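# Secondary and tertiary structure notes
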Amino acid sequence: MSPASADTPRLDFAGSPVNQSLSADDKIELYRKMVRIRRFEQASLKYYNAGKMGGFLHLYIGQESVAVGTLSLCGPNDHNITAYRCHAHALAVGMSMNECMAELFGKATGCSKGKGGSMHFFAPDKNYWGGHGIVAGQTPLGLGLGYGLKYKGLEGCALCYMGDGAVNQGAFHESLNIAALFEVPVVYIIENNGYSMGTSQKRSSAFRGCLAQRAEAYDMDWDLVDGSDLYQVRAKANIAMERARKQHKPTVLEITTYRYYGHSVADANAKKYRTPEEIENYKKNHDPISLWQRRLIEEGVLTEESAKEIDTAAKEEAAASVQFAEESPAPEVSEIMDDVYWETDNDTEASKIGRHFFND
Amino acid sequence: MSRTMLYRHAIREALDEELTRDENVVIMGEEVAQYNGAYKVTEGLWDKWGDKRIVDTPISEAGFIGMGIGASMLGVRPVMELMFWSFHSVAFDQLVNNAACVRYMSGGLINVPIVMRGPANGGTNVGATHSHIPEGLFAAFPGLKVCAPATPADAKGLMKAAIRDNDPVYVMENTLLYGTEGEVPDPADGDHVVPLGKADLKREGSDISLIAHGRSVLHALEAAETLKNDHNISAEVLDLRSIRPLDVEAILATVRKTNRVVLVDESKGFGGVSAMVSHIIQEEAFDHLDAPIRRVTSVDAPAFYSKHVENEQLPNPKRIVDKVLTIA
Ligand SMILES: Cc1ncc(C[n+]2csc(CCOP(=O)(O)OP(=O)(O)O)c2C)c(N)n1
């Protein structure tokens with residue numbers, strides 16, 4: 001396989017089978033999903049700044065095509081897991097804005113009952129294994145999801161997302177080695193937005209052409225993907241996912257993208273380590289949502305008017321989720337000890353005699 | 001003479017003074033240089049000292065911490081910032097097998113003069129994996145020294161002692177203390193070094209001893225004030241400062257004086273520093289106790305994200321007062 005590089009002539013991936021099979025409605029749905037993510041996150045930023053949330057808030061704005069494009073390819077046996085920048089993946093797999101916003105507000109109605117927060121959204125019923133806070137800590141878990149699928153004889157794959165900073169953790173390299181060695185159906189997706197906090201990729205990774213190329217050391221397939229092109233994301237991810245499902249072969253995909261905001265909302269220095277021109281250039285020329293919108297309008301699938309309607313609906317949905325979160329009850333203090341041990345939460349001997357798992 | 005300073009600035013002053021004093025001192029970690037530190041502890045140091053002395057590392061805790069340990073064996077004196085002590089997990093092997101054991105395994109041939117520093121605390125609503133408080137964990141590994149300063153003056157003095165120490169010293173700071181203020185001696189009046197292993201009596205009292213470290217010291221002081229005003233109970237507050245070495249004499253002295261003790265410890269109840277201190281007191285000063293030893297710790301569950309609940313998991317002045325009243 002020959003990877004794309006900056007000087008490869010631009011190919012149009014609209015003609016790839018996985019994109020040809022998209023109906024007009026499917027395409028609009030992809031648009032709607034990206035817009036919903038953006039509007040959800042903008043609403044969350046507003047209320048974070050108003051002091052409604054605790055901890056961190058890592059926004060995905062600018063990267064929407066990655067989560068939406070890859071997750072749109074998932075079938076019933078495909079599973080996924082990501083790091084702390086996890087709101088987009090959550091919404092893309094079909095979690096509701098309400099349960100996500102309520103989680104940010106730390107409310108009992110949140111997807112993790114207020115226990116997880118921004119970095120820890122989960123929906124195992126949607127094959128979504130979360131939001132994980134330790135950089136690269138999810139990479140062996142993604143390996144395990146793939147291993148579990150193969151063990152159970154299911155034809156599926158695991159998608160494991162990470163940032164470009166995560167590729168320097170030992171856990172990632174150990175995962176690649178085992179994935180190749182055991183032929184595990186996992187696709188590692190490096191969402192390369194160019195920065196880990198305030199450190200550019202150039203200052204954090206020794207690399208030749210691109211980060212995904214490291215896969216070669218493990219005799220593994222890899223590819224480089226332009227994240228601003230949704231057709232390309234889907235076309236290339238589909239190849240990797242099929243390789244996993246059909247041949248149990250892992251792949252590393254590096255998808256180039258960009259985050260518009262700081263690393264987290266606390267990171268006010270976003271403009272210090274990136275020039276305003278760089279940020280503006282991405283917003284103007286590479287924004288995955290406007291590019292997709294333009295494409296669909298060109299194709300005659302979408303009109304400016306219906307795009308606006310979709311946007312308005314997403315804004316309203318986000319505002320409603322804020323209201324839902326505001327009105328939801330806070331968790332009870334009595335829930336502190338719940339969910340620590342299965343055994344004490346369920347009707348077992350331990351749950352009856354009490355507290356010997358705990359100190360008091 | 002002394003000046004009022006923020007805790008984070010007191011640590012920075014210590015780092016700056018040690019960088020000046022010893023050219024082998026190097027600061028390393030994620031975002032410590034160009035970004036000025038995730039918590040601004042190292043702010044300005046890269047501008048002043050440049051790339052050789054202030055080093056940004058990739059997110060590779062096992063790699064760069066191990067590198068620091070290796071360099072320290074050659075006489076470099078690295079001060080490694082862990083953006084959160086919670087990330088110790090990624091480098092655990094380096095922290096407990098290499099840093100802690102090399103000196104012993106080599107029969108004393110090799111020293112490991114490294115400092116690991118960063119915040120270790122709950123209370124910031126960042127969820128379970130970012131809220132570990134591992135002082136007790138690391139203190140359980142012989143070969144390591146562990147301290148947890150509560151005030152700017154102690155933060156500065158202990159940091160300087162840690163950097164000059166020839167053993168690995170793990171300094172547990174606290175994000176919620178970085179913005180607190182306190183008096184710190186002026187450098188013009190001499191070198192302010194707080195020796196490791198010396199507790200500090202932060203408040204004298206006669207009826208009960210509150211023994212704490214880190215941010216819990218502030219809670220204990222507030223509780224002591226309430227106990228005096230509302231209950232006419234005179235509480236003494238002993239700040240351990242160092243976890244290992246531990247100032248056993250100071251612990252026993254306060255217990256012998258007041259005969260009652262409540263231990264305050266932000267880490268979980270099961271195991272931990274206060275469990276060890278409690279054990280020492282009952283073994284060494286049992287006859288001086290007029291009441292059972294009590295503890296106020298974080299509850300035995302991972303940290304709850306929601307700010308509505310997380311604070312209830314942690315020690316606070318009210319919980320300390322309530323606990324004191326059960327034995328006073
Ligand atoms: C083991 C570990 N070290 C450090 C951190 C602090 N931290 C959180 S995110 C981050 C940057 C990660 O960047 P990258 O992997 O590129 O992902 P991005 O934020 O760009 O999505 C850092 C240093 C952490 N959470 N875990």
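Residues numbered from 1 in each chain as written. Chains lettered and ligands numbered in written order. Predicted model: local features only at pLDDT ≥ 70, side-chain atom pairs only at ≥ 80, totals over all residues. Heavy atoms only, no water.

For clarity, the threshold we go by: UniProt positions are given in the numbering used here, feature names are shortened, and annotations may be inferred rather than shown by experiment.
If you check an unreviewed UniProt entry, chain B appears there as Pyruvate dehydrogenase E1 component subunit beta from Haloferula helveola. Word for word, the UniProt comment on chain B under Cofactor (unreviewed entry) is "thiamine diphosphate".

Per an unreviewed UniProt entry, chain A is named Pyruvate dehydrogenase E1 component subunit alpha, and its organism is Haloferula helveola. Here is the UniProt Cofactor (unreviewed entry) comment for chain A, exactly as written: "thiamine diphosphate". Under Catalytic activity (unreviewed entry), UniProt gives the following word-for-word description of chain A: "N(6)-[(R)-lipoyl]-L-lysyl-[protein] + pyruvate + H(+) = N(6)-[(R)-S(8)-acetyldihydrolipoyl]-L-lysyl-[protein] + CO2".

## Here's the deal with the overall build of chain A
Here is the rule we go by: The numbering of helices and of strands both runs from the N terminus, where a helix is a DSSP run of H or I of at least 4 residues and a strand a run of E of at least 2. Computation of the radius of gyration draws on C-alpha atoms, with the globule rule given as 2.2 Å multiplied by the number of residues to the power 0.38. The classification of residues rests on relative accessible area computed with a 1.4 Å probe and restricted to protein chains. Under 20% of the type maximum is buried, over 50% is exposed, and intermediate values are partly exposed. Here a residue-residue contact requires only that any non-hydrogen atoms of the pair lie within 4.5 Å. The Shrake-Rupley method, run with a 1.4 Å probe sphere, supplies the accessible areas, and residue values consider only the shown protein chains as cover. In this charge count, Lys and Arg are treated as positive and Asp and Glu as negative; neither His nor the chain ends contribute. Lysine's charge is taken at NZ, arginine's at CZ, aspartate's at CG and glutamate's at CD.
In terms of regular secondary structure, chain A is built from 14 helices and seven strands. Relative to the 2.2 N^0.38 estimate, which gives 21 Å for 360 residues, the radius of gyration of chain A is 21 Å and therefore close to what a compact globule would have. For the C-alpha atoms alone, the extent of chain A along its principal axes is close to 70 × 50 × 40 Å. Residue burial in chain A is summarised as follows: out of 360 residues, 56% are buried. When contacts within chain A are restricted to residue pairs at least 6 apart in sequence, those whose partners lie at least 24 apart make up 72%. Within the structure as shown, chain A displays about 15,300 Å² of accessible surface, and the carbon and sulfur contribution to it stands at 51%. On chain A, the mean spot of the 38 positive side-chain charges and the mean spot of the 48 negative ones are 4 Å from each other.

## Some points on the pairing of strand S10 (residues 208-212) of chain B
All names here are of chain B. Note the threshold: Consider the strands pointing away from the viewer: the crossover is right-handed when the path from the first strand over the helix to the second runs clockwise. Two strands pair if DSSP finds at least two bridges between them.
With five of five residues buried, S10 lies mostly within the body of the structure. A two-sided burial pattern is seen for S10, the buried positions comprising Ile208, Leu210 and Ala212 on one face and Ser209 and Ile211 on the other. In this region the chain leaves S10, passes through helix H7 (residues 216-231) and returns to the parallel neighbour strand S11 (residues 235-239); the handedness of that crossover is right-handed. Note that S10 and strand S13 (residues 261-268) share three bridges and pair parallel. The residue of S13 that forms the bridge with Ile211 is Leu263.

## Quick notes on a nonpolar patch on the surface
Residues and elements named next belong to chain A. What counts is decided by this rule: Here the term patch refers to residues with relative accessible area over 30% and no salt bridge, with like charges joined within 9 Å and nonpolar side chains (Val, Leu, Ile, Met, Phe, Trp, Tyr) within 5 Å. Salt bridges are identified by distance alone: a Lys or Arg side-chain nitrogen within 4 Å of an Asp or Glu carboxyl oxygen.
A contiguous nonpolar surface patch, about 580 Å² in accessible area, is contributed by Tyr147, Tyr151, Ile178, Leu181 and Phe182. Elements with a contribution of two residues or more to the nonpolar patch: helix H6 (138-151) and helix H7 (170-182). Residue class for Tyr151 comes out exposed when judged on its relative accessible area of 67%.

## Topic: the pattern of salt bridges
Residue and element names in this part refer to chain B. The tally for this structure, following the rule as stated, stands at 44 salt bridges over all chains. The residue Arg117 makes a salt bridge to Glu81 at a minimum N-O spacing of 2.9 Å. Separated by 36 residues along the polypeptide, Arg117 in strand S5 (residues 115-119) and Glu81 in strand S4 (residues 77-81) bring together distant segments of the chain. Across this residue pair, the class does not change: Arg117 and Glu81 are buried. Close ionic contact of Glu225 with Lys228 constitutes a salt bridge, the shortest N to O distance being 3.6 Å. Here the residue Glu225 and the residue Lys228 both occupy positions in helix H7, the gap between them amounting to three residues, near one helical turn. Classification of Glu225 as partly exposed rests on a relative accessible area of 33%. Linked through salt bridges whose partners overlap, the residues forming this network are Arg3, Glu13, Glu17, Glu18, Arg21, Lys156, Lys160, Arg164 and Asp191.

## Some points on the environment of A:Val186
All names here are of chain A. For Val186, the location among the structural elements is in strand S3 (residues 186-192). A residue is classified by how much of its surface remains accessible, and Val186, at 0% relative accessible area, is buried. The sequence separation of Val186 and Gly130 amounts to 56 residues, and the corresponding C-alpha distance is 16 Å. Once residues within four sequence positions are removed from consideration, Val186 is found in contact with Gly142, Leu143, Ala158, Cys160, Ala179, Ala244, Lys249, Pro250 and Thr251.

## Describing the side chain of A:Thr82
Residue and element names in this part refer to chain A. By the element assignment, Thr82 lies in the loop between strand S1 (79-81) and helix H4 (87-92). Look at Thr82 and you get buried, because its relative accessible area is 3%. Not counting the four nearest positions on each side in its chain, Thr82 is found in contact with His89, Tyr128, Gly130, Gly131, His132, Gln138 and Tyr161.

## What to know about the site of the ligand
Under the convention used in this document: Proximity criterion: a residue is near a molecule or strand once any of its heavy atoms comes within 4 Å of it. Definition of a polar contact: a pair of N or O atoms within 3.5 Å, with one able to donate and the other able to accept a hydrogen when the atoms are protein atoms, and with sequence-neighbouring residues admitted only if both atoms are side-chain atoms. Residues are grouped as follows: Ala, Val, Leu, Ile, Met, Phe, Trp, Tyr, Cys and Pro are nonpolar; Asp, Glu, Lys and Arg are charged; all remaining types, including Gly, are polar.
Taken together, 22 residues surround the ligand, and among them A:Tyr84, A:Arg85, A:Gly133, A:Gly165 and B:Glu61 come closest. Nearby residues place the ligand at the junction of chains A and B. A:Tyr195 is positioned with one of its backbone polar atoms (N or O) 2.9 Å from an oxygen atom of the ligand. Taken together, the residues of the shell around the ligand sort by class into ten nonpolar, eight polar and four charged.

## Quick word on unusual backbone geometry
Put simply, B:Arg244 and B:Pro245 share a cis peptide bond, and its omega is 5°. Tracing the sequence through the fold places B:Pro245 in the loop between strand S12 (242-244) and helix H8 (248-258). Despite not being glycine, A:His248 shows a phi value in the positive range, around 55°. Structurally, A:His248 can be placed in the loop between helix H9 (230-247) and strand S7 (251-256). For A:His248, a relative accessible area of 25% corresponds to the partly exposed category.

## Examining the UniProt feature "domain: Transketolase-like pyrimidine-binding" (unreviewed entry) in chain B
When the UniProt feature table is mapped onto this chain, "domain: Transketolase-like pyrimidine-binding" (unreviewed entry) is found at residues 5-180 of chain B. From the first C-alpha to the last, residues 5-180 of chain B spans 8 Å; its make-up is 39% helix and 16% strand.

## Some points on the interface of chain A and chain B
Just so we agree on the cut-off: Buried area is a sum: the accessible area each of two parts loses on coming together, probed at 1.4 Å, counted once for each and added.
Counting residues at the interface gives 46 residues for chain A and 38 residues for chain B. Both faces combined, the contact of chain A with chain B buries some 3,100 Å², and carbon together with sulfur accounts for 60% of it. When residues of chain A are sorted by the area they lose upon contact with chain B, A:Ile134, A:Ile336 and A:Asn359 head the list and together hold 19% of the total. On inspection of chain A and its partner chain B, the count reaches one salt bridge. Here B:Asp56 and A:Arg203 are joined by a salt bridge, their closest N and O atoms 3.1 Å apart. Seen at the junction of chain A and chain B, the total is 15 residue pairs in polar contact (both at pLDDT 80 or more). Only helix H5 (97-104) and helix H8 (201-204) of chain A provide two or more residues apiece to the side of chain A that touches chain B. Along the lines of polarity and charge, the residues of the side of chain A that touches chain B split into 17 nonpolar, 19 polar and ten charged.

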